[in-house]
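One-letter residues, chain by chain:
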Amino acid sequence: MKRRWILLPAACGLAGCFLFLGCGDDHAKPEIEEPADYPSATTIDRLLENFQQAYKERNAGEFERLLHEDFTFVFDPRDVGPDTWPEPTWGREEEIEATGNLLGGEPNREDLVVERVRLEWTAGEPHGSPDDEKWRRVILAPVDLEIETVDANNGDRVFLVTPGGYETHLHVLETEEIDPSTGEPIWKLVKWEDKPPVKKAGRSPRTEQFTWGMIKSLYR
């Protein structure tokens, strides 16, 4: 069936803020790409590359390996609430569950199944974290995340996208874990802050753009 694309104005109230809907092919379980070989994250650059690649290839296992045992995700304060997450943060367990469902092809509470992920960003130079002298912080700005999903009920294609100018702060830590092949310590992600430049509004997964925290919470 030929796909038809519909451009809907977003509910977030920003100019040029859209979500794409498509009606098309019958739904089928998405094919998950075979995991690639990921070099150990012995540098901050390698950690970022593995993070990005794991999302694009929908490799939840590799993403999990990047998370420190004390990992925390911090929601934008405007996202905190019953429709997203009732607390300002969640921990490693919630992050693994949400990302595992998202990347692993599980339907979310709106029966949307992820079929493709596009993720691009511009990373700033690592610098000292204001939260802990042992950490380093990397600011990703802008982040361009687009997740193509299919409605398990009717086969419609729904695109979940982050707003223009979206910003994310990643805090990383050099751990005592050693890469056996190089003898170098491994870096891990210890804190992730959602800092999107958007206004909160009434939300519907079919009528507005999403923060990264909103997207992940749909799969929790």
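Residues numbered from 1 in each chain as written. Predicted model: local features only at pLDDT ≥ 70, side-chain atom pairs only at ≥ 80, totals over all residues. Heavy atoms only, no water.

**So, the pairing of strand β7 (residues 135-151)**
Within β7, 12 of the 17 residues are buried, which leaves the element mostly enclosed by the surrounding structure. The pairing of strand β5 (residues 112-123) with β7 spans 10 bridges and is classified as antiparallel. Across the sheet, Leu-112 pairs through a bridge with Asp-151, a residue of β7. Here strand β6 (residues 127-128) folds back onto β7, and the loop between the two strands holds 6 residues. (Buried < 20%, exposed > 50% of the residue type's maximum accessible area, 1.4 Å probe, protein only. Helix = DSSP H or I, 4+ residues; strand = E, 2+ residues; numbered from the N terminus. Pairing = 2+ DSSP bridges.)

**A look at the packing of aromatic side chains**
Applying the stated criterion across every chain yields a total of 14 aromatic pairs. Ring centres of Phe-63 and Trp-192 lie 6.4 Å apart, and the angle between their planes is 65 degrees; this geometry places the pair in the edge-to-face category. Of this pair, Phe-63 sits in helix α2 (residues 60-65) while Trp-192 sits in strand β10 (residues 185-194), and the two are 129 residues apart along the sequence. Here Trp-192 falls in the buried class, since its relative accessible area comes to 0%. Aromatic pair Phe-73 and Phe-75: ring centres 4.9 Å apart, planes at 85 degrees, arrangement edge-to-face. (Phe/Tyr/Trp six-rings, centres within 6.5 Å; stacked < 30°, edge-to-face > 60°.)

**Re the pairing of strand β8 (residues 157-161)**
Counting buried residues along β8, 5 of its 5 residues qualify, which places the element largely inside the surrounding structure. Neither face of β8 is exposed, since Arg-157, Phe-159 and Val-161 on one face and Val-158 and Leu-160 on the opposite face are all buried. Hairpin geometry of β7 and β8 is characterised by an intervening segment of 5 residues between the two adjacent antiparallel strands and by a positive phi of about 80 degrees at Gly-155.

**Points about the pattern of salt bridges**
By the definition in use, this model includes 15 salt bridges. Between Arg-116 and Glu-146 there is a salt bridge, with its nearest N and O atoms 2.6 Å apart. Taken together, the residues span a long stretch of sequence, with Arg-116 in strand β5 and Glu-146 in strand β7 at a distance of 30 residues. The class for Arg-116 is partly exposed, based on a relative accessible area of 30%. Look at the salt bridges and you will find they share partners, linking Glu-115, Arg-116, Arg-118, Asp-144, Glu-146, Glu-148 and Arg-157 into a network. (Salt bridge = Lys/Arg side-chain N within 4 Å of Asp/Glu carboxyl O.)

**Digging into helix α1 (residues 44-56)**
In this model, α1 (13 residues) spans 19 Å end to end at C-alpha, consistent with the 18 Å of a helix rising 1.5 Å per residue. The complete set of buried residues in α1 reads Ile-44, Leu-47, Leu-48, Asn-50, Phe-51, Gln-52, Ala-54 and Tyr-55. Looking one or two residues past α1, Arg-58 carries a phi angle of roughly 55 degrees, positive in sign. (Expected span 1.5 Å × (residues − 1).)

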